[in-house]
Structures are given as C-alpha cells and as structure tokens.
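Breakdown of the fold
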Amino acid sequence: MEDRFNARDPNPNVQQLIDTAPFFVGLPDDALEKATCHAVTRTHPANQVILLENDWGGSVYFILDGWVKIRTYNLDGKEVTLNIIGKGELFGEMAALDEVPRSTDVITLTSTKISSVPAQDFVELIHTEPLAGVRLAQLMATRLRQVNRRLRLREADSMSRVADTLLFLAEGQGKKAKQGLEIPNLPHRELSSLSGLARETVTRVLTKLEKKGLIKREHDILRIPDTQALERTIS
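Residues numbered from 1 in each chain as written. Predicted model: local features only at pLDDT ≥ 70, side-chain atom pairs only at ≥ 80, totals over all residues. Heavy atoms only, no water.

1. Some words on the overall build of the protein chain
Looking only at helices and strands, the protein chain has nine helices and 12 strands in total. Here the C-alpha atoms of the protein chain give a radius of gyration of 19 Å, agreeing with the 18 Å that 2.2 N^0.38 yields for 235 residues. Seen through its C-alpha atoms, the protein chain measures out along the principal axes to roughly 55 × 45 × 35 Å. Taking all 235 residues of the protein chain together, 48% fall into the buried category. In the protein chain, once contacts between residues fewer than 6 apart in sequence are set aside, the share between residues at least 24 apart is 72%. When the accessible area of the protein chain is evaluated, it comes to approximately 12700 Å², of which 51% is carbon and sulfur surface. (Helix = DSSP H or I, 4+ residues; strand = E, 2+ residues; numbered from the N terminus. Rg over C-alpha atoms; globule rule 2.2 N^0.38 Å. Buried < 20%, exposed > 50% of the residue type's maximum accessible area, 1.4 Å probe, protein only. Contact = heavy atoms within 4.5 Å. Areas by Shrake-Rupley, 256 points an atom, 1.4 Å probe, with all protein chains shown as cover.)

2. Section: the UniProt feature "domain: HTH crp-type" (unreviewed entry) in the protein chain
UniProt annotation of "domain: HTH crp-type" (unreviewed entry) refers to residues 156-228 when read in the numbering used here. Taken end to end, residues 156-228 has its terminal C-alpha atoms 18 Å apart, with 53% of it in helix and 21% in strand. (UniProt positions renumbered as here; feature names shortened; annotations may be inferred.)

3. Focus on the pairing of strand β5 (residues 79-86)
Across seven bridges, strand β4 (residues 67-73) lies against β5 in antiparallel orientation. For Arg71, the partnering residue across the bridge sits in β5 and is Thr81. Between β4 and β5, which pair antiparallel in sequence order, lie five residues; one of them, Gly77, sits at a positive phi of approximately 85°. (Pairing = 2+ DSSP bridges.)

4. Concerning the pattern of salt bridges
All chains considered together, the criterion is met by nine salt bridges. Across the pair Glu79 and Arg71 runs a salt bridge whose closest N-O atoms are separated by 3.4 Å. For Arg71, a relative accessible area of 15% gives the class buried. Between Arg143 and Glu93 there is a salt bridge, with its nearest N and O atoms 3.1 Å apart. Note that Arg143 is positioned in helix α5 (residues 130-152) and Glu93 in helix α3 (residues 93-98), a separation of 50 residues in sequence. Comparing Arg143 with Glu93, the two get one shared label, buried. Counted as one network, the salt bridges with shared partners bring together Lys69, Arg71, Glu79, Asp105, Arg189 and Glu190. (Salt bridge = Lys/Arg side-chain N within 4 Å of Asp/Glu carboxyl O.)

5. Remarks on the sheet that holds strand β10 (residues 180-184)
The pairing of strands in a sheet happens through backbone hydrogen bonds and is either parallel or antiparallel. Taken together, the four strands give an open sheet; going across it, the order is β9-β10-β12-β11, and neighbouring strands pair in antiparallel fashion. Each edge of the sheet is formed by a strand with only one pairing partner; in this case those strands are β9 (175-177) and β11 (216-218). Sheet twist, expressed as the average angle between the axes of neighbouring strands with direction ignored, equals 30°. In the sheet, β10 pairs with strand β12 (residues 221-224) via four bridges, with the strands oriented antiparallel. Bridging from a neighbouring strand, Leu181 pairs with Ile224 of β12. Contacting β9, β10 and β12, helix α6 (residues 158-173) runs over the sheet at an angle of about 95° to β10. (Axes fitted to C-alpha atoms, helices over the stretch in contact; angles between N-to-C directions.)

6. A short note on the sheet that holds β4
The four strands lie next to each other as β2-β7-β4-β5, forming an open sheet whose pairing is antiparallel. Two strands close off the open sheet at either side, each with one partner strand: β2 (49-51) and β5. Sheet twist, expressed as the mean angle between neighbouring strand axes with direction ignored, is 30°.

7. Side note on the packing of α6 against helix α8 (residues 199-211)
At their nearest, the axes of α6 and α8 sit 10 Å apart, and the two run at 80° to each other. Regarding the angle of α6 to α8, the classification is roughly perpendicular. In contact with Ser158, Met159, Val162 and Leu166 of α6, α8 contributes Thr201, Val202, Val205, Leu206, Lys208 and Leu209. (Parallel < 35°, antiparallel > 145°, perpendicular 65-115°, else oblique.)

8. Thoughts on the confidence of the model for the protein chain
Averaged over every residue, the pLDDT of the protein chain is 88; residues scoring 70 or more account for 96%. pLDDT under 50 marks residues 1-9. Its contacts with residues more than four places away, or in other chains, come to 22 contacts. (pLDDT = per-residue confidence, 0-100.)

9. Side note on the UniProt feature "domain: Cyclic nucleotide-binding" (unreviewed entry) in the protein chain
Mapped onto the present numbering, the UniProt feature "domain: Cyclic nucleotide-binding" (unreviewed entry) falls at residues 23-126. Between the C-alpha atoms that bound residues 23-126 the distance is 11 Å, and the span itself is 21% helix and 41% strand.

Structural data, given as structure tokens:
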C-alpha cells in the first residue's frame with residue numbers, strides 16, 4: 001500500500017519516518033516538511049528485492065522497521081553480503097548523489113517497512129541544510145571505517161572473523177538491554193556471507209562462543225553480554 005503526505009491531512013507514516021531516522025534529528029521543521037512531503041511508505045515481505053544493481057537511483061530509502069541486506073557478487077558469481085542494516089538506517093543515497101546506476105542489490109530479510117524519499121528532495125535537503133550534509137558525511141565515514149576493519153581481518157582465523165561480524169552488527173544495530181547488547185539472530189547463511197566463511201564454520205564458531213558465555217542465543221535475538229570480552233577474542 002502507498003501512503004503520501006498531505007499538509008492538510010498529516011500522514012502518520014511521515015511522522016514515523018521523521019521520528020525513526022536519526023538522520024533527521026535537529027533539522028528545522030520546514031526543511032523536514034519539504035524533504036518528506038513526497039515520501040511513500042510500503043511494507044515488504046521477507047526476501048523481496050527492493051533494489052537491483054545497475055538500477056537508476058530515483059529515491060533514497062529509510063527503514064522504519066525490519067532488516068535488509070546489501071549484497072553484490074564476486075568475480076566467481078558468488079553472493080557477497082556487504083552489510084545488514086535495520087530500523088533508522090538509510091540506503092540508496094550514493095546513486096541519488098552521483099546520478100549513476102546503483103552498485104548493489106538490496107533484499108529484505110524480514111517483513112520490512114520502508115519509506116522512500118525522491119532523490120531530488122533528498123539532494124535539496126543536503127544542499128540547503130548544513131547539518132544534513134554533516135550527517136551524510138558521518139554516515140559515509142562510518143561505513144568506510146567498517147569496510148576497512150573487515151578488510152584487515154579477511155586473513156584472520158575463523159573465531160576472529162565471526163566475532164568481528166557480530167560486533168560489526170552490534171555497532172550498527174545493537175540494542176541496549178539489561179544483559180548487554182542485542183542483535184538479530186540472523187540465519188547462519190547471512191553470517192557466512194558477511195564473514196566470508198563457510199556456513200558450517202560459522203555454526204561451529206557460534207557454538208564455541210556460546211559455550212564460553214560470550215554470546216547467548218534466544219529465538220530471534222542474539223545477545224552479547226560483554227562486547228569488550230568478545231572484542232578480546234579477535235587476534
């Protein structure tokens with residue numbers, strides 16, 4: 001279903017978009033109204049393709065609820081998961097800024113609610129609001145830092161790579177709980193693709209980490225009681 005904002009009939013989805021995305025925090029109300037007045041909100045089922053590599057970028061997307069994975073393929077045609085992002089995060093901004101085709105696919109991992117903002121509205125916001133430009137630069141810096149860290153660990157042992165993958169997810173989407181940080185208990189095939197390890201290896205390492213008390217798995221949640229302790233397993 002499609003929901004569009006109208007100044008005479010405020011759309012609750014637009015307010016949810018503004019409230020959910022940290023990108024919009026502190027921006028003036030008039031700038032927010034201009035940036036979101038053409039926003040379209042849809043709920044997508046799990047395993048639905050949202051964007052395909054080489055599509056042209058007409059929108060920037062904000063996740064209101066759920067999870068998506070960013071993927072590409074290596075030279076051998078093997079799927080590679082570059083990132084997994086969730087509530088409050090955005091994607092599709094690079095194609096909007098560069099005006100070039102998209103460089104990755106985006107697929108939902110769960111039922112996911114997404115608001116799309118036309119690229120021209122997003123770009124105008126960046127041009128007119130310095131804080132929005134700073135937020136975008138911070139986002140890109142964070143993602144570059146995450147990629148650099150994963151590249152440094154690509155030759156590390158399997159324990160280090162799985163631990164780093166979990167910490168990578170915790171940094172982006174960890175939720176504070178009484179007993180540490182919580183992240184989604186993703187299918188092992190997704191952790192396999194993120195870490196570059198065989199699924200069987202990921203399963204074996206997760207079992208070891210759980211026996212050591214470094215993680216706890218409960219249905220849809222994976223809990224990290226002490227992130228520093230998990231960090232110390234990385235060699």
